Amino acid sequence: MAAIRVEGLSKTFRTRTKAEGFGASLRGLVRPAWRLIEAVRGIDFEVGEGEVVAFLGPNGAGKSTTIKMLTGILAPTAGRAEVLGIDPASRRERDRRLLATSIGAVFGQKSQLWFHLPPSDSFRLLGAVYEIEPALLARRRAELVERFGIAEYMDVPVRKLSLGERVRCEIAASLLHAPRVLFLDEPTIGLDVVVKREIRGLLEEVARCDHVTIFLTSHDIGDIEKVCKRAIIIHHGTVIVDESMKELKHRALAKKFIGVKYTEPVNLDISGLVPLKRTRDAARFEIDTRAHRIEDVLRLLVERGEILDLTVEDESLENIIAGIFSGRSEEEARAAATARPASEGPTAGGER
Amino acid sequence: MNRHLLIARKYRVAASVSLRNRLAYLGNFASSLATYALFIFVFSRIWTAVFSGAAAGSAPALASGHRTIAGYDRAMCIWYFIVAEVPMFGFGHFFYTLAQDMKSGQVAYLLGRPYSFVGYHYAGSMGSAILESALLLVVGLILGSVFAGPVPLGSLPQAGAILLSLLLAGSLQFLLQFAIAMTAFWFEENTAFFWIFQKIALVVGTLLPLEFLPDAAQRVAWWTPFPLLAYAPARIAVAFTPATALRLLLLQAVWVSIAAVTCRLVFSVGRAKITSQGG
């Protein structure tokens with residue numbers, strides 16, 4: 001069974017607009033103006049049980065809106081979603097309860113811990129809210145405290161914890177009721193590199209040991225590379241890429257970067273190759289592997305002089321994804337230039 | 001542990017965690033206790049002035065020789081005010097937190113939990129409000145003894161009725177404020193509704209006993225829940241009879257039920273209107 005199934009899911013927000021000036025404000029009282037914002041436009045995808053999926057997109061792409069629809073916070077305007085076979089938009093109390101006990105959610109910018117109390121109080125409350133038997137709660141809490149290394153923070157008020165310590169507690173708290181699907185919306189936002197690495201390690205462990213389906217949105221490519229096996233990329237409310245990390249990284253193979261440094265100044269004019277950077281004794285080339293064989297380029301470089309250092313690199317995942325976004329934006333810009341004026345229909349934009 | 005106990009535990013723990021949160025800063029109570037004490041002092045002076053004026057014959061409304069207004073003497077008026085203000089100070093500020101949570105979108109993140117949203121907030125709010133009200137009552141008893149004389153407590157049933165009535169008044173306060181806060185689903189700015197609610201509640205039975213209002217106003221007031229927010233416990237405190245107490249407690253229970261059903265209905269309709277844009 002698919003853990004998450006999404007078919008034609010859409011969300012349009014109706015936002016009141018306010019023009020400048022006192023007159024416009026008065027007119028707004030009588031005839032308010034509204035704008036429709038299509039945050040998510042008929043997206044489709046499926047996530048299997050135990051999969052770890054990255055849900056990527058630039059600001060305003062519709063990532064958070066999608067997660068909110070999947071967790072039952074927002075009702076879709078059209079289309080349908082299922083999480084573990086449950087419709088998150090269902091108004092039946094039984095469905096809502098079942099969904100709530102089957103999923104966990106961490107919203108990087110919204111804490112579920114009580115700010116002035118130690119995490120142990122929030123754990124006690126969440127254990128009670130999810131109706132976990134006291135003995136089971138104690139066992140589960142002990143496991144998570146050990147796994148997340150948070151024993152020393154459990155009796156310190158949350159306001160006195162560092163962001164990294166708090167996020168560890170947040171994720172542990174969201175796993176207290178042993179959810180089968182975990183939604184993480186920007187969990188590493190604002191963390192330093194060391195803490196990010198720790199959190200990624202913990203998420204990997206959760207996915208591997210507990211077979212939890214993880215659906216992760218992030219701007220951080222490191223999160224995605226280290227934790228996820230598949231990436232869904234959303235842009236202006238539409239899914240533009242849905243492929244495994246392997247396939248996504250394969251795109252990198254089409255491009256290599258070669259850096260070379262010689263012991264003395266050399267002539268680096270090579271027909272067909274334009275260096276990205278160049279000094280008298282060093283250069284960095286971007287090679288399109290469909291046009292040039294790497295070994296041919298290397299041979300040419302070796303022939304030019306005595307090499308002090310040589311590097312061959314793949315394109316970073318960050319650049320690949322940035323390239324996908326900018327490529328799509330250019331296509332859309334071209335399409336928009338020939339289409340009807342934007343004011344005639346719903347607009348896509350704004351922070352979502 | 002059986003299911004019912006597990007369900008009861010979630011609301012009990014919500015109340016206790018909220019109470020612990022409130023206790024994190026004892027200074028939280030200081031401002032409301034100080035304001036309450038100041039109000040008692042000011043009103044005890046006012047009632048003293050009113051009734052000494054009566055003694056000098058300058059208050060025609062006073063029953064001759066008895067020094068009472070609509071059946072209340074000076075001590076009764078002061079004790080009335082002391083008890084009537086407890087639910088207003090102790091339970092009177094839920095609206096601001098709820099409305100803020102709704103406007104900020106925080107409320108959206110609390111919806112995906114397996115609890116009754118209204119019940120969870122009720123438990124959380126009452127946890128700290130009951131402690132605050134208990135402290136207010138202690139301050140009130142001390143100041144009342146100084147300004148009005150002996151505590152007008154005749155029997156254990158009266159004390160029980162006062163406490164129960166205060167709890168029902170607090171519950172009604174919570175539910176009415178919750179319903180007003182939920183108008184945020186439809187209106188961007190709803191503080192004005194709460195302002196009007198607060199002012200009516202003050203006039204109808206908080207600052208003055210209900211009997212001080214004109215007959216027509218009293219008749220209208222009894223069709224609303226306002227007399228049950230402060231008048232009911234205060235009346236039981238200063239003029240206790242088993243029959244009056246029972247009638248007032250029953251009326252409070254009825255209005256609490258009506259308000260609870262209203263809250264559930266408004267919430268279930270309103271939650272579909274939640275829009276939470278932004279990451």
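Criteria and thresholds
- Residues numbered from 1 in each chain as written.
- Chains lettered and ligands numbered in written order.
- Predicted model: local features only at pLDDT ≥ 70, side-chain atom pairs only at ≥ 80, totals over all residues.
- Helix = DSSP H or I, 4+ residues; strand = E, 2+ residues; numbered from the N terminus.
- Buried ≥ 20, exposed ≤ 12 C-beta atoms within 10 Å, placed from the backbone.
- Contact = placed C-beta atoms within 7 Å.
- Rg over C-alpha atoms; globule rule 2.2 N^0.38 Å.
- Nonpolar A, V, L, I, M, F, W, Y, C, P; charged D, E, K, R; others polar.
- Core = buried A, V, L, I, M, F, W, Y, C linked by C-beta atoms within 7 Å.
- Axes fitted to C-alpha atoms, helices over the stretch in contact; angles between N-to-C directions.
- Parallel < 35°, antiparallel > 145°, perpendicular 65-115°, else oblique.
- Left-handed = near helix turned anticlockwise from the far one by under 90°.
- pLDDT = per-residue confidence, 0-100.
- Domains from an automatic or database assignment.
- Pairing = 2+ DSSP bridges.
- Right-handed = clockwise from strand over helix to strand, strands pointing away.

Observations regarding the overall build of chain A
A tally of regular secondary structure across chain A gives eleven helices and 13 strands. Projected onto its principal axes, the C-alpha coordinates of chain A cover approximately 75 × 60 × 45 Å. Within chain A, buried positions represent 37% of all 352 residues. Excluding contacts between residues fewer than 6 apart, the proportion of contacts in chain A whose partners are at least 24 apart in sequence is 73%.

Comments concerning the overall build of chain B
Helix and strand content of chain B: eleven helices and zero strands. Listing each helix as α and each strand as β along chain B from the N terminus yields α-α-α-α-α-α-α-α-α-α-α. Relative to a compact globule of 279 residues, whose C-alpha radius of gyration would be 19 Å, chain B shows 20 Å and is just as compact. Each of the 279 residues in chain B was classed as buried or not, and the buried ones make up 38%. Taking as baseline every contact in chain B between residues at least 6 positions apart, the subset at least 24 positions apart corresponds to 81%.

So, helix α10 (residues 231-238) of chain B
Residues and elements named next belong to chain B. Burial of α10 is extensive: eight of the eight residues sit out of reach of the surface. Taken together, the buried positions of α10 are Tyr231, Ala232, Pro233, Ala234, Arg235, Ile236, Ala237 and Val238. Residues of α10 that are buried sit in contact with α3 (74-90), α7 (156-181) and α11 (242-270).

Details of the interface of chain A and chain B
Contacts between chain A and chain B engage 33 residues on the former and 26 residues on the latter. Listing elements by their share of the side of chain A that touches chain B, those giving two or more residues are α2 (63-70), α3 (93-102), β5 (103-107) and α4 (119-129) of chain A. Residues that form the side of chain A that touches chain B fall into these classes: 14 nonpolar, seven polar and twelve charged.

A closer look at the nonpolar core
Counting 146 residues, the largest nonpolar core has Tyr80(B) and Leu172(B) as its most contacted members. Among the elements that line this core, the one with the most residues is α7(B), at 13 residues. Look past the residues within four positions of Tyr80(B) in its chain and what remains in contact with it is Tyr72(B), Pro209(B), Ala234(B) and Val238(B). Counting eight residues, the second-largest nonpolar core is a separate cluster that includes Tyr262(A), Leu268(A), Ala283(A) and Phe285(A).

Some details on the packing of helix α6 (residues 117-147) of chain B against α7(B)
Residue and element names in this part refer to chain B. At a minimum axis distance of 10 Å, the contact between α6 and α7 shows a crossing angle of 135 degrees. By the angle between their directions, the pair α6 and α7 is classed as oblique. As α6 packs across α7, the resulting crossing turns out to be right-handed. Contact residues: α6 offers Val118, His121, Tyr122, Ser125, Met126, Ala129 and Ser133, while α7 offers Leu166, Gly170, Phe174 and Phe178. Broken down by class, the residue content of the contact of α6 with α7 amounts to seven nonpolar, four polar and no charged.

Comments concerning the confidence of the model for chain A
Any segment with low pLDDT has predicted coordinates that should not be analysed in fine detail. Looking at chain A, pLDDT values average 85 and 92% of them are 70 or higher. Within the model, the stretch residues 340-352 of chain A combines pLDDT values under 50 with 27 contacts to residues more than four positions away or in other chains.

Focus: the domain arrangement of chain A
Domain boundaries in chain A define domain 1 (2-236) and domain 2 (252-314). Centre-to-centre, using C-alpha coordinates, domain 1 of chain A lies 45 Å away from domain 2 of chain A.

Some points on the pairing of strand β11 (residues 275-278) of chain A
All names here are of chain A. Bridge count between β11 and strand β12 (residues 282-288): three bridges; the pairing is antiparallel. Note that in β12 the partner of proline 275 across the bridge is phenylalanine 285. Between β11 and β12, which pair antiparallel one after the other, the connecting turn spans three residues.

A short note on the confidence of the model for chain B
Residue and element names in this part refer to chain B. With 93% of its residues at a pLDDT of 70 or more, chain B shows a mean pLDDT of 88. Within chain B, helix α5 (residues 106-110) has the poorest average pLDDT of any element, 78, and α10 the best, 97. Overall fold confidence for the complex sits at a pTM of 0.80, while the interface term, ipTM, reaches 0.83.

Some details on the sheet that holds strand β13 (residues 307-314) of chain A
All names here are of chain A. An order of β11-β12-β10-β13 is seen for the four strands of this open sheet, with the pairing classed as antiparallel. The open sheet has two edge strands with one neighbour each: β11 and β13. Direction aside, neighbouring strands of the sheet carry axes that sit 10 degrees apart on average. As defined by bridge partners, strand β10 (residues 255-262) adjoins β12 across seven bridges and the pair is classed as antiparallel. If you follow valine 260 over to β12, its bridge partner there is alanine 283.

Brief notes about the sheet that holds strand β4 (residues 78-83) of chain A
Residues and elements named next belong to chain A. Taken in spatial order, the three strands of this open sheet run β2-β1-β4, and their pairing is antiparallel. Taken across any chain shown, the strands that pair with only one partner, and hence form the sheet edges, are β2 (33-48) and β4. Shown here is a sheet whose adjacent strand axes are inclined to one another by a mean of 25 degrees, direction ignored. In the sheet, strand β1 (residues 2-17) pairs with β4 via five bridges, with the strands oriented antiparallel. Bridge pairing in β4 places serine 10 opposite alanine 78.

Digging into the pairing of strand β6 (residues 181-185) of chain A
All names here are of chain A. Summarising burial for β6: five of the five residues are buried, a large majority. The side-chain alternation of β6 yields two buried faces, one formed by Val181, Phe183 and Asp185 and the other by Leu182 and Leu184. Chirality of the crossover, the property in question, places the unit of β6, helix α7 (residues 193-210) and strand β7 (residues 213-217) among those that are right-handed.

Here's the deal with unusual backbone geometry
All names here are of chain A. Phi is positive for glutamate 131, close to 55 degrees, though the residue is something other than glycine. Mapped onto the elements, glutamate 131 comes out in the loop between α4 and α5 (134-148). Glutamate 131 sits in the partly exposed class, given 19 other C-beta atoms within 10 Å. Its identity is not glycine, yet alanine 178 carries a phi of approximately 50 degrees, on the positive side.

A closer look at the environment of Leu210(B)
All names here are of chain B. By the element assignment, leucine 210 lies in the loop between α8 (191-203) and α9 (215-221). In sequence terms leucine 210 and tyrosine 231 are 21 residues apart; their C-alpha atoms lie 6.8 Å from each other. What leucine 210 contacts, discounting residues up to four positions off in sequence, is Val204, Gly205, Gln218, Ala221, Pro227 and Tyr231.

Some words on the packing of α4(A) against helix α1 (residues 3-23) of chain B
Running from N to C, α4(A) and α1(B) point in directions that differ by 160 degrees, and their axes come no closer than 8 Å. When the interaxial angle is binned, α4(A) and α1(B) end up roughly antiparallel. The handedness of the crossing between α4(A) and α1(B) is left-handed. The segment α4(A) lies against α1(B), with Asp121(A), Arg124(A), Leu125(A), Ala128(A) and Val129(A) engaging Arg9(B), Lys10(B), Val13(B), Ala14(B), Val17(B) and Arg20(B). By residue class, the composition of the contact of α4(A) with α1(B) is six nonpolar, no polar and five charged.

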